[in-house]
Amino acid sequence: MEKISRRSFVNKFGMGVGASVVMTSLPSFLTAPETNQHSYTGKKLNVALCGLGNYASRVAQGILASEYCTLAGIITGTPEKAAKWKSQYNIPEKNIYNYQNFDEIVKNKDIDLVYVITPNGLHKEFTIRAAKAGKHVITEKPMAISVKDCEEMIKACNDNNVQLAIGYRLHYEPTHLEIKRLGQNKVFGQVRYIEASLGYKIHDPLDTKSTVNFNDRNEWRLNKKLSGGGPLMDLGVYCIQASRYVLGEEPIAVTAQFGKIYNKQIFSETEESISWQMEFPSGAVSNCTTSVNFDIDRFYASADEGSFELSPALSYGPFEGKTSKGPLKFPVINQQQTQMDEIAKLLLENKKLPNHITGEEGLKDIKVINAIYKAAETGTKVFLK
């Protein structure tokens, strides 16, 4: 069986406006060429990565390309990874921690922020430990595996006067900023219907005999204690996010259906596929699907006076799409670099992070995810408060 990893996902995916209009419509931090000029000479934000899986490598490359950040430290439970990263990124020995001695980071003035990229079920632990050490925190999405965990993470950061961000990289990506604008500004009128789907095939659905070792750290997405759930947690959060920020509304009710499980040994703890429907205050409906037994990556929105869509849409891109008036194509950016620089600039200036990337935003997603699971388990419509 192929390992379930962000790397396997990346490997599987590879409105008529002119280019000048596209560029001038971008926010200021996206109008410059992607090539980093490294013109900034002030203090940089020193970042330590906690958890060195596949996505951590993407974040590390983003930090190396960034203008306002430095990859200063690592936290890992694997000594072999510590040695490799120390050599590859020239990380000082004093800035390398394991999961047992991590709390000693409180004494390290060379670390400003900890980026938690562990399995979902460990986000709360390391966010709280980092906050208690006086470090700002970014944690990957989904924020945690329960509402209670999210609330405890927010409280720990508030109590220790540090800021908490969630790794919503698409909030800084120009194509997604454009579909957000098209929806919230009602460029084509009120959006009435959305389809958002993201999935990737990690095994042959006809293979019903393969087994998996749930203690294998590479298979943590199949372990409910570590993952919190299946593709809904890992991929479905993108569909929820896109629906929410295109409409600028919060869902008020959900219905959901689990898909067929083809291999009951591999998927004994988590779903293999799930579809769900979200209702919004405006009357708009979002129909979403996520799976790990087929590939899909698309977004479509139908409004009163037109439509817009992307495919690829919700993965790492490059994103392409169209509106009812013509092509929709924006410059490709380094998503991790842009995210890190925009967060770092604010933290270096002691400014408050924007609400759309904070722990409160992550909490909203988990409330929706929990409602979706409840709806699928009970077969009833679940209303959100």
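**Q** What should I look at first to understand helix α9 (residues 231-247) in this one?
**A** Helical geometry: 3.6 residues make up each α-helical turn, so side chains three or four residues apart lie on a common side. Here α9 is 17 residues long and its end C-alpha atoms lie 23 Å apart, about the 24 Å a rise of 1.5 Å per residue gives. Along α9, the largest kink reaches about 40 degrees and is centred on valine 237. Where burial is concerned, most of α9 is hidden: 17 out of the 17 residues are buried. The positive-phi residue at the C-terminal boundary of α9 is glycine 248, with phi of around 70 degrees.

**Q** Looking at this structure, how should I read the pattern of salt bridges?
**A** Pairing is possible between side chains that carry opposite charge, provided their charged atoms lie close to one another. Scanning the entire structure with this criterion turns up 21 salt bridges. Notably, a salt bridge pairs aspartate 112 with lysine 43, separated by 3.4 Å at the nearest N-O pair. Of this pair, aspartate 112 sits in the loop between β3 (96-97) and β4 (113-116) while lysine 43 sits in the loop between α2 (19-25) and β1 (45-50), and the two are 69 residues apart along the sequence. The buried category is assigned to aspartate 112, whose relative accessible area is 17%. Linking lysine 124 and glutamate 152 is a salt bridge whose minimum nitrogen-to-oxygen distance equals 3.1 Å. With lysine 124 in helix α5 (residues 123-132) and glutamate 152 in helix α6 (residues 147-159), this pair connects stretches of sequence that are 28 residues apart. Its relative accessible area of 25% is what places glutamate 152 among the partly exposed residues. In the salt-bridge network here, residues are joined through shared partners; they are Lys124, Lys148, Asp149 and Glu152.

**Q** I'm lost on the nonpolar core in this one. Help?
**A** Soluble globular proteins: nonpolar side chains tend toward being buried together. In this structure, Leu49, Tyr115, Trp276 and Phe299 are the most contacted members of the largest nonpolar core, which totals 113 residues. Looking at this core, the element that brings in the most residues is α9, giving eleven residues. Leucine 49 has contacts with Ala56, Val59, Ala60, Ile63, Leu71, Gly73, Ile74, Ile75, Trp85, Tyr115 and Ile117, leaving out every residue within four places of it along the chain.

**Q** I'm lost on the environment of proline 119 in this one. Help?
**A** The residue proline 119 is located in the loop between β4 and α5 in this model. By relative accessible area, which is 19% here, proline 119 ends up buried. Sequence spacing of proline 119 and serine 227 is 108 residues, and the spatial spacing of their C-alpha atoms is 6.2 Å. Here proline 119 is in contact with Trp220 and Leu226, once residues within four sequence places are set aside.

**Q** Please explain the sheet that holds strand β13 (residues 321-323) as it appears in this structure.
**A** Within a sheet, adjacent strands bond to each other through the backbone by hydrogen bonds, running parallel or antiparallel. Here we have nine strands laid out as an open sheet, ordered β14-β13-β12-β11-β7-β10-β9-β8-β15, and mixed in their pairing. A strand with exactly one partner marks an edge of an open sheet, and here the two such strands are β14 (326-328) and β15 (382-383). Here strand β8 (residues 253-258) runs beside β15; their pairing, made up of two bridges, is antiparallel. Along β15, the bridge assignment pairs alanine 253 with phenylalanine 383. Where helix α7 (residues 174-184) meets the sheet, it contacts β7 (191-199), β11 (296-303), β12 (306-310), β13 and β14, and its direction lies at approximately 160 degrees from that of β12. Running at roughly 55 degrees to β8, helix α11 (residues 359-378) makes contact with β8, β9 (273-279) and β15 of the sheet.

**Q** What is the right way to read unusual backbone geometry from this model?
**A** As a rule of thumb, non-glycine residues mostly have phi less than zero, and peptide bonds are mostly trans rather than cis. In this structure, the amide linkage connecting lysine 141 to the following residue, proline 142, adopts the cis form with an omega of -10 degrees. Within the secondary structure layout, proline 142 lies in the loop between β5 (136-139) and α6. A cis amide bond links serine 311 with the next residue in sequence, proline 312, at an omega value of 0 degrees. Here proline 312 shows up in the loop between β12 and β13. In the Ramachandran plot, lysine 186 falls in the positive-phi region, its phi being about 55 degrees despite a non-glycine side chain. Mapping lysine 186 onto the fold places it in the loop between α7 and β7.

**Q** Sorry if this is basic, but what is going on with α6 here?
**A** Helix length check: α6, at 13 residues, gives a terminal C-alpha distance of 18 Å against a target of 18 Å (1.5 Å per residue), a fit within 8%. Where α6 is buried, its residues touch α5, β5, β6 (164-166) and α11. Among the residues trailing α6, asparagine 161 stands out with phi positive, at a value near 55 degrees.

**Q** Quick question: what am I supposed to make of the packing of α9 against α11 here?
**A** For any two helices packed against each other, one specifies the crossing angle of their axes together with the interaxial distance. Close contact between α9 and α11 brings their axes to 10 Å; oriented N to C, the two are set at 110 degrees. Regarding the angle of α9 to α11, the classification is roughly perpendicular. Considering the relative orientation of α9 and α11, their crossing is right-handed. Of the residues in α11, those in contact with Leu232, Met233, Val237, Ile240, Gln241 and Arg244 of α9 are Glu361, Lys364, Asp365, Ile366, Val368, Ile369, Ile372 and Tyr373. The residue makeup of the contact of α9 with α11, split by class, is nine nonpolar, one polar and four charged.

About the criteria used
- Residues numbered from 1 in each chain as written.
- Predicted model: local features only at pLDDT ≥ 70, side-chain atom pairs only at ≥ 80, totals over all residues.
- Heavy atoms only, no water.
- Helix = DSSP H or I, 4+ residues; strand = E, 2+ residues; numbered from the N terminus.
- Expected span 1.5 Å × (residues − 1).
- Bend = angle between axes of the 7 residues up to and from the residue.
- Buried < 20%, exposed > 50% of the residue type's maximum accessible area, 1.4 Å probe, protein only.
- Salt bridge = Lys/Arg side-chain N within 4 Å of Asp/Glu carboxyl O.
- Core = buried A, V, L, I, M, F, W, Y, C linked by side-chain atoms within 4.5 Å.
- Contact = heavy atoms within 4.5 Å.
- Pairing = 2+ DSSP bridges.
- Axes fitted to C-alpha atoms, helices over the stretch in contact; angles between N-to-C directions.
- Parallel < 35°, antiparallel > 145°, perpendicular 65-115°, else oblique.
- Left-handed = near helix turned anticlockwise from the far one by under 90°.
- Nonpolar A, V, L, I, M, F, W, Y, C, P; charged D, E, K, R; others polar.

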